[in-house]
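Structural description and commentary
The lines below spell out each chain.
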Amino acid sequence: MKTKKTIITALLAIMSFNVMAQEGAWTGNLDIQGTKLPLVFNFSPEGCTLDSPTQGAKGIKANKTTTADGKICVAIPTINASFEGKMEGSSIVGTFTQNGLSLPMTLTPGSPKANRPQTPVPPFPYSTEEVAFSNGGITLNGTLTLPANCNKNTKVVLMVTGSGQQNRDEEVFDHKPFAVIADALARQGIASLRYDDRGYGDPTLKFSNFTTEDFKQDAEAGVNFLRKRFKRVGILGHSEGGTIALMLAGEGKADYIVSMAGMATSGKETLLMQNRIGMSSVGLPKETVDAYCNALDKAFGQLSEGKSVKEIDRRDVPVLLRSYFEKAMEQADTPFMRHILSIDVRPILGNIKCPVLAINGKKDMQVDCVKNISALQHGLTNCKPTIISLDNLNHLFQHCTTGNFLEYQQIEETISNEVLTTISAWLKAL
């Protein structure tokens, strides 16, 4: 017959084995309105962190404890979330809770590995050069991709990234869209220059203090750099970069432009659309979403007029969403966001006289395809634009199911081959 001491020793041994077995990365998926959101828990003797690959979040601090009955409890205070589960075979079966919403989640060992088959790999039938150019006191580093037999008459594009600080490849979720585009263009005899956003890799620089106007000036410096080597210079911009391409074309600074999901309506309209889609996607009632977006609309108007966050009227914000509203106000209270709220390129579209290729995906949930296509069709009156909207493509021009940004990381395709072919053929035909 086992003694009490023997039983306790055995239980401690089992608990110790379970704790050791849980070390490493464990992945679970949350089902949010039919879209999978993977979360990765990193368990170690030193503690626990949480990654959300789809949202680009890594190393969120968490606290892990194990109860006497074997329940695994993880608290993530910075995002007001927790997970509780129990080992069942080789899985941890439990529930993830955040802001009062609970969803079932099962963790399995390992972390998701991204497959990116379109990322270019050597050997290449073209050459590259590492270059740098300056805008005032800002140095911008980039890669010049040169096709075979390149000369001053070779067509060339400056590639301008979307919003947020990004590297020259516009890398997101292990996708490298600009590297893929540069590769495709070079194979068709077209040169390109892609560059890191200002301050990339410098943690001392507060990127939100810069505005779209600053990035436009950086792009103009890039165009001027290319003009020393090429006879005709164009701009290929994605998202905010597409808007910058339209701005510079309106000032006569480009010989041709490609706008990929460039914002042609106002920044305020675009941000409201993004918020409406985001709130609706989590199943909130339409009346709640309408009330929140109406309050946000007023707030954005007051911010663009120069009012402080403290002066914003909050009386019409739904109680359920007040914490989200405060977060939105915190994010909007930066030079970048205040400036983007005031952007509207529609009044200058008539000034554009150079060739324009504008491409939008019909499932883009960040830039409204229908409204932006309409703005371009009505505004580009002094040039012969090529305006295309493509089925089943999201903001990154990936073939998708819903268009929700949560899909970006889960889709293996970096950019549609149809888009690559369309851009290359259009540039070659100029």
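In this text the structure is predicted, and so the values were computed from the model without any measurement.

Criteria and cut-off values
- Residues numbered from 1 in each chain as written.
- Predicted model: local features only at pLDDT ≥ 70, side-chain atom pairs only at ≥ 80, totals over all residues.
- Heavy atoms only, no water.
- Pairing = 2+ DSSP bridges.
- Helix = DSSP H or I, 4+ residues; strand = E, 2+ residues; numbered from the N terminus.
- Axes fitted to C-alpha atoms, helices over the stretch in contact; angles between N-to-C directions.
- 1 Å grid on protein atoms, 1.4 Å probe; cavity = no way out; pocket = protein on both sides within 12 Å on 5 of 7 lines; lining within 4 Å.
- Points joined across faces, edges and corners; volume = space filled by probe spheres on them.
- Nonpolar A, V, L, I, M, F, W, Y, C, P; charged D, E, K, R; others polar.

With that settled, the discussion passes to the sheet that holds strand β1 (residues 24-32). Pairing is antiparallel around the closed barrel formed by eight strands, whose spatial order is β1-β2-β3-β4-β5-β6-β7-β8. When the angles between neighbouring strand axes are averaged without regard to direction, this sheet yields 30 degrees. Of the strand pairs in this sheet, β1 and strand β2 (residues 35-44) are connected by nine bridges, and their pairing is antiparallel. If you follow Ala25 over to β2, its bridge partner there is Asn42.

This part takes up empty space enclosed by the protein. Scanning the model with the defined rule gives two cavities of 30 Å³ or more in all. The space that makes up the largest cavity amounts to roughly 80 Å³. In this structure, the largest cavity is lined by 13 residues; those nearest its centre are Val160, Thr161, Asp197, Phe207 and Phe215. At the level of secondary structure, the elements contributing two or more residues to the lining of the largest cavity comprise α3 (212-227) and α4 (240-250). Of the residues assigned to the lining of the largest cavity, the class counts are six nonpolar, three polar and four charged. For the second largest cavity, the calculated volume is near 60 Å³. Together, Glu170, Pro177, Phe178, Ile181, His238, Met260, His395, Leu396, Phe397 and Ile415 line the second largest cavity. No other element matches helix α2 (residues 177-186), which puts three residues into the lining of the second largest cavity. When the residues that make up the lining of the second largest cavity are grouped by side-chain class, the tally is seven nonpolar, two polar and one charged.

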